[in-house]
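Notes for the structure review
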2 protein chains.
Amino acid sequence: MDKGASAPDDMAKDKLVKSITSMEEDFAKWYTDVCLKAELIDYASVKGCMIIRPYGYAIWENIQRQMDALFKETGHENVYMPLFIPESLLQKEKDHVEGFAPEVAWVTHGGEEELEERMCVRPTSETLFCDHFKNIVHSYRDLPKLYNQWCNVVRWEKTTRPFLRSREFLWQEGHTLHATPEEAQAETIQMLNVYAKFAEEYLAMPVVKGIKTEKERFAGAEATYTIEALMHDGKALQSGTSHYFGDGFAKAFDIQYTDKNNNLVNPFQTSWGTTTRLIGAIIMTHGDDSGLVLPPAVAPIQAILIPIASHKPGVMEKANEVLAKLKNICRAKLDASDQTPGWKFAEYEMKGVPLRIELGPKDIENNSCVVVRRDNGEKTSVSLDKIEEAIPQLLKAVHDGLYKKALERRDSMTYDAHDFDELKEIADNKPGFIRAMWCGCRECEDKLKEDAGVTSRCIPFEQERISDKCVCCGKEAKYMLYWGKAY
Amino acid sequence: MDKGASAPDDMAKDKLVKSITSMEEDFAKWYTDVCLKAELIDYASVKGCMIIRPYGYAIWENIQRQMDALFKETGHENVYMPLFIPESLLQKEKDHVEGFAPEVAWVTHGGEEELEERMCVRPTSETLFCDHFKNIVHSYRDLPKLYNQWCNVVRWEKTTRPFLRSREFLWQEGHTLHATPEEAQAETIQMLNVYAKFAEEYLAMPVVKGIKTEKERFAGAEATYTIEALMHDGKALQSGTSHYFGDGFAKAFDIQYTDKNNNLVNPFQTSWGTTTRLIGAIIMTHGDDSGLVLPPAVAPIQAILIPIASHKPGVMEKANEVLAKLKNICRAKLDASDQTPGWKFAEYEMKGVPLRIELGPKDIENNSCVVVRRDNGEKTSVSLDKIEEAIPQLLKAVHDGLYKKALERRDSMTYDAHDFDELKEIADNKPGFIRAMWCGCRECEDKLKEDAGVTSRCIPFEQERISDKCVCCGKEAKYMLYWGKAY
């Protein structure tokens, strides 16, 4: 494979690219521009809700299909629970209702009639799963229950942004029930590792794995684990969480089973979730000023074939031949429309297609095509006889390149702080993760939020002793934490 | 392949089978028993909603995956629209709001605050699609739009039954927009044909294709096409519908585009849907007094391997070998639990698994296994060397057997009526379809409903002139119709 030549139509390209704001100028505006111009979403008449357009939904389908396979490999089964939760059911677990009641949507009427008891639209389904587990789990033989559900949930947020925080979003929620705390804890960690694997090996997105502080825990959980990613602008994005509930929910919902010794006992529980927010994470991890950049594993189109001088004899025939080969090895598309090549280059750059393949009369003469990587613009001339070997290699190279670039950026934006002044200085001037020691008390966590504007992201599994003192109060430090500003 | 011997444990089997009501005794109770005992559903705390358990949901996943492939083959893309519809949006198309407003669930509060405008939970999404189409369709180049969405919808029904009529259900709804009425009409018929193909080739369920009378049309449609199936008890089940809207919605929602002649015109629209009701159709088409009978294409387990005398040396080793072979060719499972073979036979009969494979010491000695068909109980001895050829053939035989049996039953329960007395006599005494001529007027349709208790199912595409007179008023007949009692 050698470097080759291409035939861009720079004027048309400039025109399209100019229609999105640059990251540098206004990151938030850039993000919204990409969501709209790459045709991932449209706004809806319902405030705070979004329409996921075909290109955006195809990314979600790819995420869903591949993540679902990982869930099934680890023994999970899919189920479907009702959309509604009666108010009395939501109230059964005290911490849980306090966490969620302020942000749920309430249904009060069915048809013309007022309901006897109002119901909320599920913000999450722990209560529904518990109610069901109580009915179906009676003996140790009924355990474990390893369930997952793909569905929509609603949280009545005040401020919303496409994918990152919308009033309705799509997600999966795993809910499992186990005989022992050890087994439930192992499940919680297993699913966190599945999420981390998915983020890194499918989305090319490095993540920090860790446990949340008590303050940041899920409502009703004994422990919440998280994967945290760093976006292009230096803000953190919580990208998946896995919760261990102990037997708290089981007691509140009266779930009991007869164990092998014939005792009536409570089981132990977990839940874990990821959402369409992952699409936001992809945009803000890999995107650039030309638009979206998609990791090959979830790209709806992995290779776009663009004929050059397609009116010349033989070009379209050869293009169709090449397309047939491409379709054997990847998700490929031929754009045979009457737009100019330059317009098409810009269009598929905007849409983040990992590989562009240019095929013109000169290429055909040489029995080759030019392949351009979206992640770094690198051009390679590929023999048409070797396309079925070269394209998968190039797709892998794009994945690896994206991961490496994201990892390097994260590392270059991760700072160690040894005392409060240093932390504050970093927080004020350098977007990114701050690693700092913590004594473990809530007061220091609150103070860092108030005085430095950072929240604790997680206590990472990979601990390192940066200093012996808490960055805030100076007392003996217990943990090294990741701090940051977050979406 | 020869008839072989099996080793049932009749006592255990009897015990389990007795726990469901027979069809003869009480069909409705039989239906509910199957839903619960085959672990398809559980009841939820929310009245009229159901929990779809793993085995039921796996059937839906199989339906969804294969139907989605047919949609994509015909050029459709998936999207996701919001769950909520603001009241003002629902009211834009007059007939549509009249049809749906009485049965929607209303959200009035978000968190602690009352909403300025209440929203309903989508009962169907025409209004949302129209609202979106208005934003994204401007030129003839933007047409056609061929969209589909898989989601949940809510209709606040008074009487509910699992799968057949529940307040929340899962479905797919296609929504398409076209430049010409001809193109939109062709789409409506194409998708009806996709549904009929799916019913017959995947669900082994014969259907009558036809058009609904004006009275039975979807709210807001110019024409509604339907596939109608006949259940075991002689009641009809509408199993999928496809609607042609003309430009009615486009006008109500002000969707306009510039055509090739630079005129601003309205496009033409369709929608089409099928639901989890299809699972109810499967149960009531193929089920029997031993429980569920699943068509192989959608069965979560296509072949269940049951070891006989599994404690004897070599049995489990051989069973695992056979399982590995089976997994290459179908969805297979080995039940290695410590339940008796008889218990297992009854369990997988209840669950409708198409093929049971028995493997004991004697079979192993003969290098064979016994395969039992769920649809007719037929036993075949199959050489272990030929299992990879025999099982797919047997699965096909089960599909064909189920289709044939259902078709024969439907034909034997379809009656022609030539005048009102004959129709009334059939309606009162013989459950099934009644074919009869109709003059085309609403009065006769209402009268047949009132005085004979039957509703018009459809005007079938395959017309036959049974007589020259309307079965009700005796005036000149226009169409032959299917009439019946329906779910």
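Residues numbered from 1 in each chain as written. Chains lettered and ligands numbered in written order. Predicted model: local features only at pLDDT ≥ 70, side-chain atom pairs only at ≥ 80, totals over all residues.

All names here are of chain A. Mapped onto the secondary structure, Glu 443 falls in helix α15 (residues 442-452). By the C-beta count within 10 Å, which is 10 here, Glu 443 ends up exposed. The spatial distance from the C-alpha of Glu 443 to the C-alpha of Ala 199 is 33 Å, given a sequence separation of 244 residues. (Helix = DSSP H or I, 4+ residues; strand = E, 2+ residues; numbered from the N terminus. Buried ≥ 20, exposed ≤ 12 C-beta atoms within 10 Å, placed from the backbone.)

All names here are of chain A. Put simply, helix α10 (residues 315-329) and helix α13 (residues 387-412) touch, their axes get as near as 9 Å, and they point 50° apart. In this view, α10 runs oblique relative to α13, as classed from their interaxial angle. Helix-helix and strand crossings are classified by hand; for α10 and α13 the assignment is right-handed. Side by side, α10 and α13 meet where Val 322, Lys 325, Leu 326, Asn 328 and Ile 329 of the first sit next to Ile 387, Glu 388, Ile 391 and Pro 392 of the second. When grouped by side-chain class, the residues that make up the contact of α10 with α13 number six nonpolar, one polar and two charged. (Axes fitted to C-alpha atoms, helices over the stretch in contact; angles between N-to-C directions. Parallel < 35°, antiparallel > 145°, perpendicular 65-115°, else oblique. Left-handed = near helix turned anticlockwise from the far one by under 90°. Contact = placed C-beta atoms within 7 Å. Nonpolar A, V, L, I, M, F, W, Y, C, P; charged D, E, K, R; others polar.)

For the pair chain A and chain B, the best superposition has an RMSD of 0.0 Å and corresponds to a rotation of 180° with a translation of 0.0 Å parallel to the axis. Taken together, the rotation angle and the small translation identify this as a two-fold axis. Scanning chain A for the C-alpha nearest the rotation axis identifies Val107(A), at a separation of 2.1 Å. Interface overlap between copies: 100% of the residues of chain A at the interface are likewise at the interface in chain B, consistent with a symmetric, same-surface contact. (Least-squares fit on C-alpha atoms with pLDDT ≥ 70 in both.)

For the rest of this paragraph, the subject is the interface of chain A and chain B. Counting residues at the interface gives 43 residues for chain A, matched by 43 residues for chain B. For the side of chain A that touches chain B, the leading source of residues is strand β5 (residues 105-110) of chain A, giving six residues. A breakdown of the residues in the side of chain A that touches chain B according to their chemical character gives 26 nonpolar, nine polar and eight charged. In the sheet, β5(A) pairs with strand β5 (residues 105-110) of chain B via five bridges, with the strands oriented antiparallel. Opposite Ala105(A), over in β5(B), you have Gly110(B) as the bridge partner. (Pairing = 2+ DSSP bridges.)

Moving on to the domain arrangement of chain A. Residue and element names in this part refer to chain A. The domain architecture assigned to chain A consists of domain 1 (27-286), domain 2 (296-404) and domain 3 (414-484). Listed per partner, the contact involves 14 residues of domain 1 and nine residues of domain 2. Here the element with the most residues in the side of domain 1 that touches domain 2 is helix α3 (residues 54-73); it accounts for six residues. Partitioning the side of domain 1 that touches domain 2 into residue classes produces nine nonpolar, three polar and two charged. (Domains from an automatic or database assignment.)

Here the focus is the sheet that holds strand β15 (residues 303-307) of chain A. Residue and element names in this part refer to chain A. Overall, mixed pairing links the five strands, which are arranged β16-β15-β17-β18-β19 in an open sheet. Since the sheet does not close on itself, it has two edges, and those belong to β16 (332-334) and β19 (379-383), each with one partner. On average, each strand axis in the sheet is tilted by 25° relative to the strand beside it, whichever way the strands run. Examined bridge by bridge, strand β17 (residues 355-359) and strand β18 (residues 368-373) share four bridges and lie antiparallel to one another. Considered in β18, the bridge of Glu 358 is made with Val 370.

Our next topic: the nonpolar core. Soluble globular proteins: nonpolar side chains tend toward being buried together. Counting residues in each nonpolar core, the largest one holds 300 residues, and the members touching the most others are Leu203(A), Leu305(A), Leu203(B) and Leu305(B). Discounting chain neighbours no more than four positions away, the residues touching Leu203(A) are Phe198(A), Leu278(A), Ala281(A), Ile282(A), Pro295(A) and Val298(A). (Core = buried A, V, L, I, M, F, W, Y, C linked by C-beta atoms within 7 Å.)

We now examine helix α3 (residues 54-73) of chain B. Along an α-helix, residues three or four apart share an orientation, since each turn contains 3.6 residues. Residues and elements named next belong to chain B. The terminal C-alpha atoms of α3 lie 28 Å apart, and with 20 residues this matches the ideal 28 Å at 1.5 Å per residue to within 8%. All of the buried residues along α3 are Gly 56, Tyr 57, Ala 58, Ile 59, Trp 60, Ile 63, Met 67 and Phe 71. Note on α3: the residue one or two positions beyond its end, Gly 75, has a positive phi of about 90°. (Expected span 1.5 Å × (residues − 1).)

To continue, consider the pairing of β15(A). All names here are of chain A. Along β15, five of the five residues are buried, which leaves the element largely enclosed by surrounding structure. With burial as the criterion, each face of β15 is covered, one bearing Ala 303, Leu 305 and Pro 307 and the other bearing Ile 304 and Ile 306. In terms of strand pairing, β15 meets β16 through three bridges, oriented parallel. Paired with Ala 303 across the two strands is Ala 332, which belongs to β16. The parallel pair β15 and β16, bridged by α10, forms a crossover whose chirality is right-handed. With five bridges connecting them, β15 and β17 associate as parallel partners. Of the residues in β17, the one forming a bridge with Ile 304 is Arg 356. (Right-handed = clockwise from strand over helix to strand, strands pointing away.)

If you check helix α13 (residues 387-412) of chain B, its first and last C-alpha atoms are 36 Å apart, about what 26 residues at 1.5 Å a residue would give, namely 38 Å. Along α13(B), the residues classified as buried are Ile387(B), Ala390(B), Ile391(B), Leu394(B), Leu395(B), Val398(B), Gly401(B), Leu402(B), Tyr403(B), Ala406(B) and Arg410(B).

A word on the confidence of the model for chain A. All names here are of chain A. Of all residues in chain A, 96% have pLDDT values of 70 or greater, and the mean over the chain is 95. Every residue in residues 1-15 scores below 50 in pLDDT, and together they form 36 contacts with partners more than four places removed in sequence or on other chains. The ipTM, which scores confidence in the relative placement of chains, is 0.94 for this predicted complex, and the corresponding pTM is 0.95. (pLDDT = per-residue confidence, 0-100.)

The next subject is the environment of Tyr57(A). Mapped onto the elements, Tyr57(A) comes out in helix α3. Separated by 71 residues in sequence, Tyr57(A) and Leu128(A) place their C-alpha atoms 27 Å apart. Contact partners of Tyr57(A), with chain neighbours within four places excluded, come to Ile52(A), Asn78(B), Val79(B) and Tyr80(B).

Moving on to the environment of Gln269(A). Residues and elements named next belong to chain A. Tracing the chain through its elements places Gln 269 in strand β14 (residues 268-275). Here the alpha-carbon distance between Gln 269 and Gln 185, two residues 84 residues apart in the chain, equals 8.6 Å. Those residues within four positions of Gln 269 in sequence are excluded, and the remaining contacts are Thr 176, Leu 177, Ala 184, Phe 245, Phe 249 and Ala 250.

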